[in-house]
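One letter stands for each residue in the lines below.
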Amino acid sequence: MKTFYVVKYEGHFGFIKPWTAVRDGGSPDAIHTFSQQFLTPSIIEGIEKKLFPELLQEKGISKIARHKLTYAGFSGQMEQTQTLGWEYKKAKKMLQRPRSILVRGVLLYPNLYLAFDSLDDAQRASVQHICLCRNEDVLFPTEDILHLTEEQFGELNGFELRFGQAPGSFLVGYSRFTNAPMYGWIESTQNPLKTNGF
């Protein structure tokens, strides 16, 4: 029976930028956008390259076998944004960059489980921090390495995007490394939202 060596990471906040960059609604005063609730293949590949920098010149995922993401809810956090372009204001005879308010729906208390086939890889990963997408969303390893069968890992609470094309797959973005389309399907196990404390 296949055994995974699993490292658990947790943090206070997480924001996974939606690949479509579509705003989820709002008013003229504040635009809302919510964190994506799954990790795409290129995000997992980016995490792997951070943990194992010797893989920077290689394409694909070679060390992270599976992953699970769970969180406690969303928090709306406001931030001020500016456009890249400039506007000329005739009345003031000056250039201005328009500003607006963006309300990000940020994941609260995310946990991420990364499964490795190799104990050595898990040990290297277990002494490093990772980020989901934003550098400020730091997740730290929390416990000893878990030894789980593939079936036990599958029973952990959480969301997992299984990579590939199969019945029920959908387009989840384009790889930041190869620009190829990425496909997958979401598996939601037990209660993927943390309800028994943070």
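Structure shown above.
The rules behind these values
- Residues numbered from 1 in each chain as written.
- Predicted model: local features only at pLDDT ≥ 70, side-chain atom pairs only at ≥ 80, totals over all residues.
- Heavy atoms only, no water.
- Patch = residues over 30% accessible without salt bridge, like charges linked within 9 Å, V, L, I, M, F, W, Y side chains within 5 Å.
- Areas by Shrake-Rupley, 256 points an atom, 1.4 Å probe, with all protein chains shown as cover.
- Salt bridge = Lys/Arg side-chain N within 4 Å of Asp/Glu carboxyl O.
- Helix = DSSP H or I, 4+ residues; strand = E, 2+ residues; numbered from the N terminus.
- 1 Å grid on protein atoms, 1.4 Å probe; cavity = no way out; pocket = protein on both sides within 12 Å on 5 of 7 lines; lining within 4 Å.
- Points joined across faces, edges and corners; volume = space filled by probe spheres on them.
- Nonpolar A, V, L, I, M, F, W, Y, C, P; charged D, E, K, R; others polar.
- Core = buried A, V, L, I, M, F, W, Y, C linked by side-chain atoms within 4.5 Å.
- Buried < 20%, exposed > 50% of the residue type's maximum accessible area, 1.4 Å probe, protein only.
- Contact = heavy atoms within 4.5 Å.
- Phe/Tyr/Trp six-rings, centres within 6.5 Å; stacked < 30°, edge-to-face > 60°.
- Lys NZ or Arg CZ within 6 Å of the ring centre and 35° of its normal.

**Side note on a nonpolar patch on the surface**
Inference 1: Together, Trp86, Tyr88 and Leu95 line one region of the surface with nonpolar side chains, adding up to about 400 Å² of accessible area.
Inference 2: Within the secondary structure layout, Leu95 lies in strand β8 (residues 94–96).

**Concerning the layout of surface pockets**
Inference 1: Put simply, the largest pocket is a space of about 340 Å³.
Inference 2: Surrounding the largest pocket, 21 residues form its lining, Ser42, Ile43, Leu132, Cys133 and Arg176 being those nearest its centre.
Inference 3: Taken together, the elements giving at least two residues each to the lining of the largest pocket come down to α1 (41–51), β11 (130–131) and β15 (170–174).
Inference 4: In terms of residue count, the dominant contributor to the lining of the largest pocket is α1 (five residues).
Inference 5: In the lining of the largest pocket, the residues fall into eleven nonpolar, seven polar and three charged.

**Quick word on the nonpolar core**
Burial of nonpolar side chains together is a common tendency in soluble globular proteins.
Inference 1: Grouped together as the largest cluster of nonpolar side chains are 25 residues, with contacts concentrated most on Tyr9, Ile47, Leu51, Leu112, Leu114, Phe116 and Ile130.
Inference 2: At the level of secondary structure, the elements contributing two or more residues to this core comprise β1 (3–10), α1, β5 (64–70), β10 (111–116) and α2 (119–125).
Inference 3: A total of four residues in this core trace back to one element, the largest contributor, which is α1.
Inference 4: Not counting residues up to four positions away in its chain, the partners in contact with Leu51 are Tyr9, Leu114, Phe116, Arg124, Ala125, Gln128, His129 and Ile130.
Inference 5: Listed in part, the seven residues of the second largest apolar core include Phe4, Val6, Tyr113 and Ala115.

**Looking at unusual backbone geometry**
Inference 1: Of note in the backbone geometry, Tyr109 takes a positive phi value of approximately 50° without being a glycine.
Inference 2: Position of Tyr109 among the secondary structure elements: in the loop between β9 (99–108) and β10.
Inference 3: A relative accessible area of 25% means that Tyr109 is categorised as partly exposed.
Inference 4: Positive phi values are uncommon outside glycine, yet Asn179 reaches one of about 65°.
Inference 5: With respect to the helices, strands and loops of the structure, Asn179 is situated in the loop between β15 and β16 (181–189).

**With respect to α1**
Inference 1: A large share of α1 lies buried, amounting to nine of its eleven residues.
Inference 2: For α1, every residue scored as buried is listed here: Pro41, Ser42, Ile43, Ile44, Glu45, Ile47, Glu48, Lys49 and Leu51.

**Digging into the packing of aromatic side chains**
Inference 1: Considering all chains together, one arrives at six aromatic pairs under this definition.
Inference 2: Plain terms: the ring middles of Phe52 and Phe116 are 6.1 Å apart, the flat faces sit at 75° to each other, and that makes the pair edge-to-face. Of the two residues, Phe52 sits in the loop between α1 and β5 while Phe116 sits in strand β10, which places them 64 residues apart along the sequence.
Inference 3: Of the aromatic side chains, those joined through ring pairs into one cluster are Phe34, Tyr71, Phe74 and Phe159.
Inference 4: Lys63 extends its terminal NZ or CZ atom over the ring of Phe52, reaching a point 5.2 Å from the ring centre.
Inference 5: For the cation-ring pair, Arg97 lies above Trp86, with the distance from its terminal atom to the ring centre recorded as 5.7 Å.

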